[in-house]
Amino acid sequence: MRNAEVCAIFRQLAAIMEILGEDPYRIRAYQRAVQNIENLPEDIADIAARGELTKIPGIGKELARKIEEILATGTLQKYEELKQKVPPGLVDILQVPGIGPKTAKLLHQQLGIKSLAELEQLAREGKLKGLPGIGAKTEENIRRGIALLRAVEERRPLGLVLPLARSVVDWLRQNTPAERVDVAGSIRRFKETVGDVDILAASRRPEAVINAFTGMPLVAEVLAQGPTKASVRTGDGLQIDLRVVSPESYGAALCYFTGSKAHNIRVRELAVRQGLKVNEYGVFRGEERIAGLTEEEVYVAVGLPYIPPEIREDWGEIEAALEGRLPELVKLSDIKGDFHVHSRYSDGASTLEEIADKARALGLQWVAVCDHSPSLKVAGGLDVPTLWKKREAVARLNAQSSGVKLLCGTEVDILADGTLDYADEVLAQLDVVVAAIHMGFKQSRQAQTQRLLAAIRNPHVHAIAHPTGRLLGEREPYELDLEQIFAEAARTGTWMEINAYYKRLDLNDVNARAAAAQGVRFVIGTDAHLLEQMEFMELGVGVARRAWLTREQVINTLSYDELIERLRAKKKGKWEG
DNA sequence: GCCGTTTTCGGCCCGACTGTTTTCAGTCG
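A. Structural context of the pairing of strand E10 (residues 288-291). Both strand E9 (residues 282-285) and E10 contribute to a ladder of three bridges, which runs antiparallel. Counted as the bridge partner of Val283 is Ala291 from E10.

Next up, the structure:
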């Protein structure tokens, strides 16, 4: 994939153009191109080879030419030229909160600052204040901004932030005169990582809500506070923004504050063309507010059906909505089972009984208990005799209980040569087989792809667990030809897992969408090793929704009886997906 | 630089908060 290469150059180029003070609309064109290219599920080189670059939204004749130049030469003439005009380190200081292109240019021209390090030194020495528009406070903010940049520059996994965000919402509901409070921003869109927490409230007494918010016990620092808007930071450095609007504007504000920014811009452009104006207070024709109470109202007013938050990314949802072909997304309440849970038989903490009880509490009908295979010694992989004991225990439990059904499964290791860690005769006697790579991450792209293809072709394998192996913030995905993998999975009717464990979310949204486009079907597994981790199912559903999946594409929506039928069909080689 | 059932030229989303300003530019989301 050379998409990242193209994006890196366009992104740098846009930053340089900002500092040089070039046409902001031209700059936005580059930034929009980056956003669209970043989320392409396929290699931009392939699209270029087909001559279809201008089919990408935001890519016209000129940008298509520039992309081709980058693909051919590895760089861009225009970029090389503009790079000469701006010191390379100067672009970095745009990352400091509070410093934009104007300030960066000023700092460079007045003080000769060329890098983040130089900025940090002069800020510490107190040499910034006195510049036009920069006083003692701005200087202090820059000092702290740099420190912050160093400390918490990474986004955090959604699964870690979501509970905190919900607890803040609950606190505001209980302790302020807010009529409504909701999480908005990227969390509401279920984006896999979170930069900051955005919360929206409706109230007739906004200042009371704001004051209570900035006085919450977990607030370590108030970053900004106005009558309707405030930002705070928690002790561990997480930023939380709150915006308060009046109740009649709540729907419009929810749209505005949920984003994505790119989606909002598209909606507003659509409104402008109809002589309307959309802001966080409503949809307006002239002075008259024609919508705003609910999100549905806002979308209808601009001529769109309601668009679910998870797909508000400007990844084609506006076009789909206009053409009446938005998918009916799979919902958490559609989910009838968990496809991947570990028990005490391997490295899980829970007994089969406890897993069944937890599943019942979650409203599930079935759970596939998939423990590790012998090669994964660190995780207590089961030898075959133990596997048979587990199978008997599962059968006993199912016979006793009329409620939740357990399936005896395995997460069998795909060995370095692509063979599986149990013999086919063993796999044939299990209810569920998910296969996964847990070692040998560093193989070549071709070898790794062949390894996974071999597992996909084994008729006993129902699904591939965490197909790319990435761990958020910890490990990059393996080198893989995903296009080939998805094509083979579709051909053989092998399902791809959306692993819902908060650090994995693998497949991710973009890859799952690409797989779906090839006809692949999916299982969602929490990979829970503790009972409470079975609650990660909603993260997996979030990924599925972001990938535009419907319930028909997700195996977890099948009842126990339907599932058993599908599993058997797969083993008989009836590859019907 | 992109884009078009009001346009192939002339538009391009919109408002809050901060700091330094004495009416607003810069930044952010």
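B. Focus on the packing of helix H1 (residues 3-19) against helix H2 (residues 24-38). Running from N to C, H1 and H2 cross one another at 160 degrees; their axes reach a closest spacing of 9 Å. On the basis of the axis angle, H1 is roughly antiparallel to H2. Considering the relative orientation of H1 and H2, their crossing is left-handed. Residues Asn3, Val6, Cys7, Phe10, Arg11, Leu13, Ala14, Met17 and Glu18 of H1 touch H2, and the partners they reach there are Arg26, Ile27, Tyr30, Gln31, Ala33, Val34, Ile37 and Glu38. When grouped by side-chain class, the residues that make up the contact of H1 with H2 number eleven nonpolar, two polar and four charged.

C. Spotlight on the protein's contact with DNA strand B. In the vicinity of DNA strand B there are 47 residues, among which Gly98, Thr103, Gly135, Arg268 and Tyr281 approach most closely. Considering DNA strand B, the proportion of its atoms within 4 Å of the protein that are sugar or phosphate atoms stands at 76%. For DNA strand B, a base oxygen lies 2.3 Å from a polar atom in the side chain of Arg268. Those elements that place two or more of their residues in the surface near DNA strand B are H2, helix H4 (61-73), helix H6 (101-111), helix H8 (136-151), strand E5 (219-225), helix H13 (261-273) and strand E8 (277-279). Among the elements that line the surface near DNA strand B, the one with the most residues is H13, at six residues. Along the lines of polarity and charge, the residues of the surface near DNA strand B split into 18 nonpolar, 13 polar and 16 charged.

D. View of the environment of Ala224. Within the secondary structure, Ala224 sits in strand E5. Relative accessible area serves as the criterion here: at 39%, Ala224 is assigned to the partly exposed category. C-alpha separation for the pair Ala224 and Gly337, spaced 113 residues apart in sequence, amounts to 45 Å. Those residues in contact with Ala224, other than ones at most four positions away along the chain, are Lys229, Ala230 and Ser231.

E. Just the side chain of Asp421, in detail. Within the secondary structure layout, Asp421 lies in the loop between strand E13 (405-413) and helix H18 (424-427). The exposure class assigned to Asp421 is buried, which follows from its relative accessible area of 15%. Here the side chain of Asp421 touches Ser373 through a polar contact of 2.7 Å, side chain to side chain. Here Asp421 is in contact with Ser373, Pro374, Ser375, Leu376, Val412, Asp413 and Leu415, once residues within four sequence places are set aside.

F. Broad picture of the sheet that holds strand E4 (residues 197-202). Pairing in this open sheet of five strands is mixed, and the strands run E2-E4-E7-E6-E5 from one edge to the other. The open sheet terminates on both sides in strands that have one partner only, identified here as strand E2 (180-183) and E5. Averaged over all pairs of adjacent strands, the angle between their axes in this sheet comes to 20 degrees, without regard to strand direction. Summarising the sheet, E4 and strand E7 (residues 239-245) pair through six bridges and their orientation is parallel. Looking at E7, one finds that Ala201 is bridged to Val244.

G. Examining the pairing of E9 more closely. As paired strands, E8 and E9 are joined by three bridges and run antiparallel to one another. The residue of E9 that forms the bridge with Val278 is Val283. The turn linking E8 back onto E9 is made up of two residues. Linking two consecutive strands that pair antiparallel, namely E9 and E10, is a turn of two residues; a positive phi of about 65 degrees is found at Gly286 within it.

H. Seen up close, the packing of aromatic side chains. Enumeration according to the criterion identifies nine aromatic pairs in this entry. Seen in terms of ring centroids, Phe339 and Trp495 are 6.1 Å apart; in terms of plane orientation they differ by 80 degrees. Their pairing is edge-to-face. Of the two residues, Phe339 is situated in strand E11 (residues 337-341) and Trp495 in strand E16 (residues 495-499); the sequence distance between them amounts to 156 residues. Under the relative-accessibility criterion, Trp495 is labelled buried at 2%.

I. The arrangement of empty space enclosed by the protein in detail. The full count for this structure, using the stated rule, is two cavities of 30 Å³ or more. Taken as a whole, the largest cavity spans an internal volume of roughly 90 Å³. Ala252, Cys255, Tyr256, Asn264, Val267, Arg268, Val278, Asn279, Val298 and Tyr299 together form the lining of the largest cavity. Of all the elements in the fold, those that place two or more residues in the lining of the largest cavity are helix H12 (250-258), H13, E8 and helix H14 (295-301). Split by residue class, the lining of the largest cavity holds seven nonpolar, two polar and one charged.

J. Geometry of unusual backbone geometry. The omega torsion across Gly259 and Ser260 is -5 degrees, close enough to zero to call that bond cis. We note that Phe190 has phi near 60 degrees; this positive angle belongs to a residue other than glycine. As for its placement among the helices and strands, Phe190 is situated in the loop between helix H10 (185-188) and strand E3 (193-194). Positive phi, normally seen in glycine, also occurs at Trp548, with a value near 65 degrees. Position of Trp548 relative to the elements: it lies in the loop between helix H22 (537-546) and helix H23 (560-571). Trp548 sits in the buried class, given a relative accessible area of 12%.

K. Broad picture of the environment of Ala435. Looking at where Ala435 falls in the secondary structure, it is placed in strand E14 (residues 432-436). Each C-alpha atom, one on Ala435 and one on Trp366, is 20 Å from the other, the two residues being 69 residues apart in sequence. Ignoring sequence-local partners within four residues, the contact set of Ala435 consists of Val412, Ile414, Leu420, Ala455, Val461, Ala463, Ile464 and Ala465.

What counts and how
Here the residue numbers are simple positions, counted from 1 along each chain's written sequence. Throughout, the order in which chains and ligands are written sets their labels, letters from A for the former and numbers from 1 for the latter. Where local features are concerned, this predicted model is filtered to residues with pLDDT of at least 70; where side-chain atom pairs are given and counted, the filter is 80 or more; whole-chain, interface and lining totals use all residues. Excluded from the side-chain calculations are hydrogens and water; all other atoms, namely the structure's heavy atoms, are used. The pairing criterion is simple: DSSP has to find at least two bridges between the two strands. Numbering of helices and strands starts at the N terminus; helices are DSSP runs of H or I of at least 4 residues and strands are runs of E of at least 2. Think of each axis as a best-fit line through the C-alpha atoms, taken over the contacting stretch in the case of a helix, with angles from 0 to 180 degrees between the N-to-C directions. If an angle is under 35 degrees, it is roughly parallel; if it is over 145, roughly antiparallel; if it lies from 65 to 115, roughly perpendicular; otherwise it is oblique. Left-handed describes a crossing whose near helix is turned anticlockwise from the far helix through less than a right angle; right-handed describes the clockwise counterpart. The contact criterion used is simple: two residues touch if any of their non-hydrogen atoms lie within 4.5 Å. Note on residue classes: Ala, Val, Leu, Ile, Met, Phe, Trp, Tyr, Cys and Pro are nonpolar, Asp, Glu, Lys and Arg are charged, and everything else, Gly too, is polar. We call a residue near a molecule or strand when any one of its heavy atoms sits within 4 Å of it. Pairs of N or O atoms are called polar contacts if they sit within 3.5 Å, as long as, within protein, a hydrogen donor faces a hydrogen acceptor (for residues adjacent in sequence, only side-chain-to-side-chain pairs). Each residue's exposure class comes from its accessible area (1.4 Å probe, protein chains only) as a fraction of the maximum for that residue type: buried when under 20%, exposed when over 50%, partly exposed otherwise. Each aromatic pair joins two rings of Phe, Tyr and Trp (for Trp, the six-membered one) with centres within 6.5 Å, and gets the label stacked for planes under 30 degrees apart, edge-to-face for over 60, and tilted for any other angle. Buriedness for pockets is judged along seven lines, at least five of which must meet protein on both sides within 12 Å for an open set on the 1 Å grid over protein atoms alone, while cavities are sets there where a 1.4 Å probe fits but cannot get out, and lining residues have an atom within 4 Å of a point. Grid points are joined across faces, edges and corners, and a volume is the space filled by probe spheres set on the points.

Bear in mind that shape data such as this cannot, by itself, settle questions of function.
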